[in-house]
Protein chains: 2
Amino acid sequence: MEEDFLANWTTQARKGLLELCVLAALRGGRRYGYDIVKRLSGVGGLVIGEGTIYPILSRFKKDGLVDAALAESPDGPARKYYQLTPRGRGLLGKMLASWAEVRAGVDHITATGDES
Amino acid sequence: MEEDFLANWTTQARKGLLELCVLAALRGGRRYGYDIVKRLSGVGGLVIGEGTIYPILSRFKKDGLVDAALAESPDGPARKYYQLTPRGRGLLGKMLASWAEVRAGVDHITATGDES
DNA sequence: GACAGCTACCTGGCATGACCATATAGTAGG
DNA sequence: CCTACTATATGGTCATGCCAGGTAGCTGTC
């Protein structure tokens, strides 16, 4: 049950944060979904599956944050490359600012216990 | 629409994080809901309403993370004070560890763009 | 050529939690 | 009496992460 609570909490805590990470991962250039999954799997606490990344990317495209383009792979199925639009880049900036603020707030509370 | 996306994203990103903050706010001693709302309102990015805090506290009590006790107020309605149980304190520790890991991961991605 | 295994994409459905609006109630001041 | 502040509580809506499952191309092996 303790593990249940923790597992569930982790799931909830990832909401939104994953969108930020995926958007940020696209900042370096065009990438495809499967690649992002593999990359994020190497970063602590950010492991995601394919059933998570594709809905996110679809949403991004629907909202005009990214452009998508199919490209053949030297070996394997075709890949769908995504890259940031100006709008996506602008939104990423605002999200990063918001993240910095929230992070500072959480750090403050967790560090002091808000005893002031 | 850009504001819509950002507002919605912020809402989602707070999920889980708020639970961590509320639990952390209780670390310093017993507190009641309305007080926590007022306290968190002073911390950037963590402003919450009363419709948010009470479900969180109810969940905590249901899961045995906190104890609750009614106490009269010198002026105004009675207050319900919450304080951490050992179980809640233990879980808070694990959540803090998890938070540190996720925070580091997000920082890494957002800082490098994952270009490696 | 049958099969396993990896790459790569996509979708339906479920559970969860933040937030709005709203309700209730005690106290104080005009 | 009415407004305002304190204080707790709830029902409904909505977005999201994730599991399970499905499709399909390519490689290597027996």
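The structure this text deals with has already been given above.
S.K.: Any details on the relation of the copies chain B and chain A? Residues and values, ideally.
M.R.: Least-squares fitting of chain B to chain A yields an RMSD of 0.1 Å, with the superposition described by an axial translation of 0.0 Å and a rotation of 180°. Such a combination of rotation and displacement between the chain copies is what one expects of a two-fold axis. A share of 100% of the interface residues of chain B reappears at the interface of chain A, consistent with the copies meeting face to face through the same patch.

S.K.: Go over the environment of B:Gly49 with me, naming the residues and quoting the values.
M.R.: All names here are of chain B. Secondary-structure assignment places glycine 49 in the loop between helix H3 (33-40) and helix H4 (50-62). Note on glycine 49: 9 C-beta atoms within 10 Å, which makes it exposed. Glycine 49 sits 11 residues away from lysine 38 along the chain, and the two C-alpha atoms are 9.0 Å apart.

S.K.: So what's going on with the protein's contact with DNA strand D? Which residues, and what values?
M.R.: As a matter of local geometry, DNA strand D sits amid 33 residues, with A:Gly51, B:Tyr32, B:Gly33, B:Tyr34 and B:Gly51 nearest to it. At six residues, helix H4 (residues 50-62) of chain A tops the list of elements feeding residues into the surface near DNA strand D. Among the residues forming the surface near DNA strand D, the class breakdown is 11 nonpolar, 13 polar and nine charged.

S.K.: I'd like a description of the environment of B:Leu20, backed by residues and values.
M.R.: Within the secondary structure, B:Leu20 is located in helix H2 (residues 17-25). Residues B:Leu20 and B:Ile53 lie 33 residues apart in sequence; the distance between their C-alpha atoms is 12 Å. When residues no more than four places from it in sequence are discounted, the contact partners of B:Leu20 are A:Val106, A:Thr110, B:Met95 and B:Trp99.

S.K.: Describe the protein's contact with DNA strand C, naming the residues involved and giving the relevant values.
M.R.: In the vicinity of DNA strand C lie 30 residues, with A:Tyr32, A:Gly33, A:Tyr34, A:Gly51 and B:Gly51 positioned nearest. Taken together, the elements giving at least two residues each to the surface near DNA strand C come down to helix H1 (2-14), helix H3 (33-40), H4 and strand S3 (79-84) of chain A together with helix H1 (2-14), H2 and H4 of chain B. For the surface near DNA strand C, the leading source of residues is H4(A), giving five residues. Considering only residue class, the surface near DNA strand C consists of 10 nonpolar, 13 polar and seven charged.

S.K.: Account for the interface of chain B and chain A, naming residues and giving values.
M.R.: Contact with chain B, which involves 40 residues of that partner, is made by 40 residues of chain A. With 14 residues, helix H5 (residues 86-112) of chain B is the largest single contributor of residues to the side of chain B that touches chain A. Along the lines of polarity and charge, the residues of the side of chain B that touches chain A split into 18 nonpolar, 11 polar and 11 charged.

S.K.: If you had to explain the pairing of S3(A) to someone new, which residues and values would you point to?
M.R.: Residue and element names in this part refer to chain A. For strand S1 (residues 31-32) and S3, the ladder comprises two bridges, and the chain directions are antiparallel. Each residue of the ladder has a partner; that of arginine 31, found in S3, is tyrosine 82. By the bridge criterion, six bridges tie strand S2 (residues 66-71) to S3 in an arrangement that is antiparallel. Following the sheet pairing, alanine 68 is matched in S3 by tyrosine 82.

S.K.: Run through the sheet that holds S1(A), naming residues and quoting values.
M.R.: Strands in a sheet are paired, the pairing made by backbone hydrogen bonds, and the direction either parallel or antiparallel. Ordered in space as S1-S3-S2 (chain A), the three strands form an open sheet in which the pairing is antiparallel. Every interior strand has two partners, whereas the edge strands, S1 and S2 of chain A, have only one.

S.K.: Before we move on, could you go through the sheet that holds strand S1 (residues 31-32) of chain B and cite the residues and values that matter?
M.R.: Taken together, the three strands give an open sheet; going across it, the order is S1-S3-S2 (chain B), and neighbouring strands pair in antiparallel fashion. Edge positions in the sheet fall to S1 and strand S2 (66-71) of chain B, since each of these pairs with one other strand and no more.

S.K.: Help me get a handle on the packing of helix H2 (residues 17-25) of chain A against H4(A), residues and values and all.
M.R.: All names here are of chain A. Two elements in contact, H2 and H4, have axes separated by 11 Å at closest approach and are oriented at 75°. Here H4 runs roughly perpendicular to H2, going by the angle between their axes. In this structure, H2 contributes Leu18, Glu19 and Val22 to the contact, and H4 contributes Thr52, Ile53 and Ile56. Across the contact of H2 with H4, the residue classes tally to four nonpolar, one polar and one charged.

What counts and what doesn't
- As a convention, each chain's residues are numbered from 1 in the sequence order in which they are written.
- Each chain gets a letter, beginning with A, and each ligand a number, beginning with 1, in the order they are written.
- Under the rules for a predicted model, residues below a pLDDT of 70 receive no local features and side-chain atom pairs below 80 are neither given nor counted, while totals for whole chains, interfaces and linings still include all residues.
- Copy-to-copy alignment: least squares on C-alpha atoms, limited to residues at pLDDT 70 or above in both.
- For the purpose of contact definition, each residue receives a C-beta atom placed from its backbone, and two residues are in contact when these atoms lie within 7 Å.
- For the purposes of this entry, the term helix denotes a DSSP run of H or I that reaches at least four residues, the term strand denotes a run of E that reaches at least two, and both are numbered from the N terminus.
- Counting other C-beta atoms within 10 Å of each residue's C-beta, where C-beta atoms are placed from the backbone, gives the exposure class: buried for 20 or more, exposed for 12 or fewer, partly exposed between.
- By convention here, the C-beta atom is placed from the backbone, and a residue is near a molecule or strand when that atom is within 6 Å of it.
- Any residue that is not Ala, Val, Leu, Ile, Met, Phe, Trp, Tyr, Cys, Pro, Asp, Glu, Lys or Arg is counted as polar, Gly included; the first ten are nonpolar and the last four charged.
- Pairs of strands are assigned from DSSP output, requiring at least two bridges between the strands.
- Axes here refer to lines fitted to C-alpha atoms; in helices the fit is confined to the stretch in contact. Angles between the N-to-C directions go from 0 to 180 degrees.
- Under this scheme an angle from 65 to 115 degrees is roughly perpendicular, one under 35 degrees roughly parallel, and one over 145 degrees roughly antiparallel; angles in between are oblique.

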